[in-house]
Amino acid sequence: MRKIITLTQVQVKDFLNKYIEHVNVKNRWLGLLSLFIPALFILPAYQLVNSIYEGFNQIGFPELTITYMYIGTVVLMFFACIPMIISVFFYAKDLQFLTTLPVKVEGIIFSKLATVYLYLFVLGCFFFGTSVIVYSTIGEWDLYSLIAGIIALLISPLLPMILTTLIIIPFMALVGKGRKRNLMVVVGNVIFLFVFLFLQLIIARAEMDIESFYHILLQEDGLLRQLGRNFPPSIWLTRMIQGSLLDGGLFVLLNLVFLYALKLVSQLLYTKALLAFNQQGGGEDIHRKGTVSFRKRRIGSQLITRHIQIILSNPIFLINTVLIMFLPILIFMIMLFTGEASREFFHSSELSPYILYIYIGIITAPAMIGNLSATSITREGKAFWETRILPISARENLKYRIYATLLITFIATVLLAIAGGIYLQVSLDIVIRAVIFSVVATLFLSTIDIVINIERPTLNWTSPTAAVKNNLNVIISLFIRVGLGGGGYYIYQLFPHLTANEWVTIATLFFLVLYGISHYIVFGIYTKKFDRIDV
Amino acid sequence: MLALKNVSKTYDRSKRAVNQISLDVEKGEIIGFIGPNGAGKTTTLKMITGIIQPTEGTISIDGVDIMKAPVDAKKNFSYVPDQPTIFDAISGIDYLNFMADMYDVSIRERKKRIEKFSKAFQIDDALTQKVNSYSHGMRQKLLITGAMLSNPKLFILDEPMVGLDPHSARVLKDLMREHCNKGGTVFFSSHGLEVVEDLCDRVAIIHKGKLIACDVVGNIKKSTDTTLENVFLEMTRDA
Ligand SMILES: Nc1ncnc2c1ncn2[C@@H]1O[C@H](COP(=O)(O)OP(=O)(O)OP(=O)(O)O)[C@@H](O)[C@H]1O
Ligand SMILES: [Mg+2]
């Protein structure tokens, strides 16, 4: 047991130190600022929870706030922990070292999960945690619910984490033996997430006609059970916070059972999955006889290829990129399948004035959600020195990084533009306007993101999710987008008489100016900073 | 060929890794760079190659300042680091073509050189395999081959013998010698004092960030009946 604790401490320390390192940028003010960035998410979370609370309170079921937020958080946790679990178990650089230690295999598995737990816990604090506090402090002060809520918050990451582990590790073992291993990992994950989202939406689609709604209301706890269908333990959890010791006991017991189950199968997971996976080579046929060819290519195309290959060759980077780029398509397709959206819906009289915005939203999504430039340097990791010694200028070095981002983003945009255009049957006029806007916005976002990465290069990561996901760069980059969106919406409301076409033209020009500025900042100022990154 | 003037490097505002080093390397020379662990060898080589920037001082390669005209300076040298960590999801030959493209090496020239060095280092059969399937020594030899493609005026290596088998180490030594005979210059760090003693024209010794000697081996030893090892241990002993 002591060994397990030490091992866990080491893992957690490593994880936290990396975070502190992340924050510790050269510029002190930026460092301080970036510390507050995650905290800023509390505010919108609080507002969201508050409004949900008011809604449920009006119909007399304030406790449903907790059920609702818990389910939402669990869904979020599932999403967040799939790539993370794959990353820490299968692509972390310390595995070789860990496997040589004289500790029980549970030790290795639990210590690895400890970092995942921490990450999920922070995630849980934002929404679920806020709802616990809102529920137990608004109205009458209820110490019992607060304590029960905090206990629930502490154990909330366990279920999603262990469930995912139990599904993902065997899955990885299965694909690990195949030839196209990396590809399989990515495809498998996309399918997995797809099925998961699909199920969620199917369950959530309650037939809410008036009659059945009354029927549900009449039953005791009818609404709770209705909502709780998405994730049944949420029912126990809600009652636990409401004061039921029995339900609390059941909820805690369930988590313990899962913990124990993980311990039982850990030996199996370790030998059959972890070791097996890590013992295979790259999954490729190593002794493949290719031909040695001597081809000459331009410096630019070589460098762009390099940056793209870095993404393609690492499944975690690839999953991250693919999911981000095609998330709109994924959600869209699921909505179509479940009948949440239909073509008629988009052409209804309420939505049709906004069709230009909707279409822009779809095709600009890859640039908006994707932030490939913000981790372009980080992704290279320990191989970053390579381009440093080459006879190319810092300007060229940065330029081709941005080009690589643009190339990937534009491919996604074109695919989305075609698919979305055909489905929504938008006019050519709309397509042209939207594409122009999207190109300009993408140019700006891809350029400005590289500034974040130069400020915070973080080349020293052990597991690849740390490079592209659990990385403040990504949050800062998203923050720029949220700021732009919020500001844009505010101005939009100030001038209600402008048409959609006028708005989009203004926004396009605005982004064009921003692009000019960002170009100047990157190539005028940040090339020098780039040269000063210590390796 | 290589000139360092009062070069210093301070890490994290307080850790002085290299302290006021001045050094001149002539064309056609092989210089060995020795010093205890943590003395500042790698740091110095990284500054010369532009991987990190010196806190103070200037470095010029063939008369070109690495800070002022980095691209021109970088055309004149190539570098093999102590850790062969490169982007390794590509095949060996892809890596070599990449390097050749970066230094604008013609097809004829690169074919000739790749064949020559990969045969000598016995990695010619592995060139179509991915670099992530290479052993440590194979990677190192791939990097050396890549670095030699552009026939650099100055060839910089950080502990190149570590991890090489006896045969490959010999090939590398011959290669360094031959490079100098043809007018190239070699600057490398090493812990192998015998190698340094029988290969180098001059030896530079660094200790705690300071250059404490730079001379021909004979002068450093002062007398003939001692070894470079003895002198080195004496000079770098902590008082
Ligand atoms: N990135 C860094 N940040 C902070 N300090 C560093 C960094 N790199 C090196 N140092 C410090 O600088 C000093 C010199 O390190 P350097 O790597 O140059 O030594 P070296 O002579 O190459 O040693 P070795 O023979 O072990 O390779 C050491 O004290 C080391 O701790
Ligand atoms: Mg060193």
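Please read all numbers here as calculations on a predicted model, not as lab measurements.

What counts as what
- Residues numbered from 1 in each chain as written.
- Chains lettered and ligands numbered in written order.
- Predicted model: local features only at pLDDT ≥ 70, side-chain atom pairs only at ≥ 80, totals over all residues.
- Heavy atoms only, no water.
- Helix = DSSP H or I, 4+ residues; strand = E, 2+ residues; numbered from the N terminus.
- Buried < 20%, exposed > 50% of the residue type's maximum accessible area, 1.4 Å probe, protein only.
- Contact = heavy atoms within 4.5 Å.
- Areas by Shrake-Rupley, 256 points an atom, 1.4 Å probe, with all protein chains shown as cover.
- Near = heavy atom within 4 Å.
- Polar contact = N/O pair within 3.5 Å; in protein donor to acceptor, adjacent residues only side chain to side chain.
- UniProt positions renumbered as here; feature names shortened; annotations may be inferred.
- Pairing = 2+ DSSP bridges.
- Axes fitted to C-alpha atoms, helices over the stretch in contact; angles between N-to-C directions.
- Buried area = accessible area lost by both parts, 1.4 Å probe.
- Salt bridge = Lys/Arg side-chain N within 4 Å of Asp/Glu carboxyl O.
- Disulfide = S-S within 2.5 Å.
- Expected span 1.5 Å × (residues − 1).
- Parallel < 35°, antiparallel > 145°, perpendicular 65-115°, else oblique.
- Left-handed = near helix turned anticlockwise from the far one by under 90°.
- Nonpolar A, V, L, I, M, F, W, Y, C, P; charged D, E, K, R; others polar.
- Domains from an automatic or database assignment.
- Phe/Tyr/Trp six-rings, centres within 6.5 Å; stacked < 30°, edge-to-face > 60°.

Here we look at the overall build of chain A
Next, step 1: Of regular secondary structure, chain A possesses 24 helices and zero strands.
Next, step 2: Expressed as a percentage of its 535 residues, the buried residues of chain A come to 50%.
Next, step 3: For chain A, long-range pairs separated by at least 24 residues make up 85% of all intrachain contacts whose partners lie at least 6 apart in sequence.
Next, step 4: Here chain A has roughly 25500 Å² of accessible surface; of this, 70% comes from carbon and sulfur atoms.

Details of the site of ligand 1
All names here are of chain B.
Next, step 1: With respect to spatial proximity, 14 residues lie near ligand 1, and among them Gly38, Lys41, Thr42, Thr43 and His191 are the closest.
Next, step 2: One of the side-chain N or O atoms of Asn37 is found 3.0 Å from an oxygen atom in ligand 1.
Next, step 3: Between ligand 1 and Thr42 there is a distance of 2.6 Å, counted from an oxygen atom to a side-chain nitrogen or oxygen.
Next, step 4: When the free accessible area of ligand 1 is taken as 640 Å², the share hidden by the protein chains comes to 68%.
Next, step 5: For the shell around ligand 1, the secondary structure elements donating two or more residues are strand S2 (15-25) and helix H1 (41-48).

Some thoughts on the UniProt feature "domain: ABC transporter" (unreviewed entry) in chain B
Next, step 1: This chain's UniProt record puts "domain: ABC transporter" (unreviewed entry) on residues 2-233 of chain B.
Next, step 2: Secondary structure within residues 2-233 of chain B divides into 37% helix and 26% strand; the distance between the first and last C-alpha atoms comes to 27 Å.

Observations concerning the sheet that holds S2 of chain B
Pairing between the strands of a sheet comes from backbone hydrogen bonds, and it takes one of two forms, parallel or antiparallel.
Residues and elements named next belong to chain B.
Next, step 1: Within the open sheet, the four strands sit side by side as S2-S1-S4-S5. Their pairing is antiparallel. Bordering the open sheet on either side are S2 and strand S5 (64-65), each of which pairs with just one other strand.
Next, step 2: Sheet topology places strand S1 (residues 2-11) next to S2; seven bridges connect them, and they run antiparallel. Note on S2: the bridge partner recorded for Tyr11 is Lys15.
Next, step 3: Packing of H1 onto the sheet brings it into contact with S1, S2 and strand S4 (56-61), and relative to S1 it is tilted by some 120 degrees.

Concerning the interface of chain A and chain B
Next, step 1: Facing the 36 residues of chain A at the interface are 42 residues of chain B.
Next, step 2: Both faces combined, the contact of chain A with chain B buries some 3600 Å², and carbon together with sulfur accounts for 61% of it.
Next, step 3: For chain A, the biggest contributors to the area lost against chain B are Phe294, Ile389 and Pro391 of chain A; these three give 22% of the whole.
Next, step 4: Our count for the chain A to chain B interface comes out at two salt bridges.
Next, step 5: The partner of Lys9 of chain B in a salt bridge is Asp534 of chain A, with the nearest N and O atoms 3.3 Å apart.
Next, step 6: Seen at the junction of chain A and chain B, the total is 12 residue pairs in polar contact (both at pLDDT 80 or more).
Next, step 7: When contributions to the side of chain A that touches chain B are tallied by element, the ones reaching two or more residues are helix H14 (299-313) and helix H19 (385-389) of chain A.
Next, step 8: In terms of residue count, H14 of chain A provides more of the side of chain A that touches chain B than any other element does, seven residues in total.

Let's talk about the sheet that holds strand S6 (residues 77-80) of chain B
Residues and elements named next belong to chain B.
Next, step 1: Read from one edge to the other, the open sheet built from six strands follows the order S6-S7-S8-S3-S9-S10, with strand pairing classed as mixed. Every interior strand has two partners, whereas the edge strands, S6 and strand S10 (210-215), have only one. Pairwise comparison of adjacent strand axes, ignoring direction, gives a mean angle of 15 degrees for this sheet.
Next, step 2: In this structure, strand S7 (residues 154-158) lies alongside strand S8 (residues 185-189), joined through five bridges in parallel fashion. Bridging across to S8, Asp158 finds its partner in Ser189.
Next, step 3: Most of the contacts of helix H5 (residues 136-148) go to S6, to which it runs at about 180 degrees, and overall it touches S6 and S7.

Digging into the environment of Leu143 of chain B
Next, step 1: Along the chain, Leu143 of chain B falls in helix H5.
Next, step 2: Spatially, the C-alpha atom of Leu143 of chain B lies 9.5 Å from that of Met99 of chain B, the residues being 44 residues apart in sequence.
Next, step 3: Excluding anything up to four places from it in sequence, Leu143 of chain B contacts Trp385 of chain A together with Val80, Pro81, Pro84, Ile86 and Tyr95 of chain B.

Considering the pattern of salt bridges
Residues and elements named next belong to chain B.
Next, step 1: All chains considered together, the criterion is met by 25 salt bridges over all chains.
Next, step 2: Of the charged contacts, one joins Arg202 and Glu29 as a salt bridge, the two residues approaching to 2.5 Å between their closest N and O atoms. Here Glu29 lies in the loop between S2 and strand S3 (30-34) and Arg202 lies in strand S9 (residues 202-207), a separation of 173 residues in the sequence. Like Arg202, the residue Glu29 is buried in the burial classification.

Overview of the pairing of S6 of chain B
All names here are of chain B.
Next, step 1: Residues Phe77 and Tyr79 of S6 are buried on one face, and the alternating residues Ser78 and Val80, pointing to the opposite face, are buried as well.
Next, step 2: As judged from the four bridges shared by S6 and S7, these two strands associate in the parallel manner. Bridge pairing links Phe77 to Leu154 in S7.

Thoughts on the state of the cysteines
Next, step 1: One pass over the full model with this rule turns up zero disulfides over all chains.
Next, step 2: Cys125 of chain A carries a free sulfur, and the closest cysteine sulfur to it, the one in Cys81 of chain A, is 16 Å from it.
Next, step 3: Cysteine Cys200 of chain B is unpaired, with the sulfur of Cys180 of chain B as its nearest cysteine sulfur at 9.0 Å.
Next, step 4: For Cys200 of chain B, a relative accessible area of 9% puts it in the buried group.

Quick look at the side chain of His207 of chain B
Residues and elements named next belong to chain B.
Next, step 1: Take His207: it is sitting in strand S9.
Next, step 2: With a relative accessible area of 15%, His207 lands in the buried category.
Next, step 3: At 3.5 Å, the side chain of His207 and the backbone oxygen of Thr236 are in polar contact.
Next, step 4: In contact with His207, other than residues within four places in its own chain, are Pro36, Ala39, Ile212, Met235, Thr236 and Asp238.

Digging into H14 of chain A
Next, step 1: Taking 1.5 Å of rise per residue, 15 residues should cover 21 Å, and H14 of chain A covers 21 Å from first to last C-alpha, within 8% of that figure.
Next, step 2: When we look at burial in H14 of chain A, the residues that qualify are Gly300, Gln302, Leu303, Ile304, Arg306, His307, Ile308, Ile310 and Ile311 of chain A.

Remarks on the environment of Met99 of chain B
Next, step 1: Assignment of secondary structure puts Met99 of chain B in helix H3 (residues 92-102).
Next, step 2: Taking the C-alpha atoms as reference, Met99 of chain B lies 21 Å from Asp62 of chain B; in sequence the two are 37 residues apart.
Next, step 3: Among all residues touching Met99 of chain B, those that are not within four sequence positions of it are Leu390 of chain A together with Gly146 and Leu149 of chain B.

A look at the packing of helix H3 (residues 42-58) of chain A against helix H4 (residues 64-90) of chain A
Residues and elements named next belong to chain A.
Next, step 1: H4 packs onto H3 with a crossing angle of 135 degrees between their chain directions and a minimal axis gap of 9 Å. As the angle between them shows, H3 and H4 are arranged oblique. As for how H3 packs across H4, the hand of that crossing is right-handed. On the side of H3, the interface is formed by Leu48, Val49, Ile52, Tyr53 and Phe56, while H4 contributes Leu64, Thr65, Tyr68 and Met69.
Next, step 2: In the contact of H3 with H4, the residues fall into eight nonpolar, one polar and no charged.

Notes on the domain arrangement of chain B
Residue and element names in this part refer to chain B.
Next, step 1: As assigned here, chain B comprises domain 1 (1-76 + 155-239) and domain 2 (84-151).
Next, step 2: Of the roughly 1100 Å² buried at the junction of domain 1 and domain 2 (both faces included), carbon and sulfur atoms supply 65%.
Next, step 3: The salt bridge involving Glu178 is made with Lys116; its shortest N-O contact spans 3.2 Å.
Next, step 4: On inspection of domain 1 and its partner domain 2, the count reaches five residue pairs in polar contact (both at pLDDT 80 or more).
Next, step 5: In terms of residue class, the side of domain 1 that touches domain 2 is built from eight nonpolar, four polar and five charged.

Section: the packing of aromatic side chains
Residue and element names in this part refer to chain A.
Next, step 1: Applying the stated criterion to the full structure yields 16 aromatic pairs over all chains.
Next, step 2: Relative to Tyr492, the ring of Tyr357 lies with its centre 6.0 Å away and its plane at 85 degrees, an arrangement referred to as edge-to-face. Here Tyr492 lies in helix H23 (residues 472-494) and Tyr357 lies in helix H17 (residues 355-369), a separation of 135 residues in the sequence.
Next, step 3: Ring centres 5.5 Å apart and planes at 80 degrees place the aromatic pair Phe437 and Phe511 in the edge-to-face group. Here the residue Phe437 occupies a position in helix H21 (residues 428-455), and Phe511 occupies one in helix H24 (residues 500-531), the gap between them amounting to 74 residues.
Next, step 4: With relative accessibility at 8%, the residue Phe437 sits in the buried group.
Next, step 5: Three or more aromatic residues link up through ring pairs in this structure, and these residues are Tyr354, Tyr357, Tyr489, Tyr492 and Trp503.

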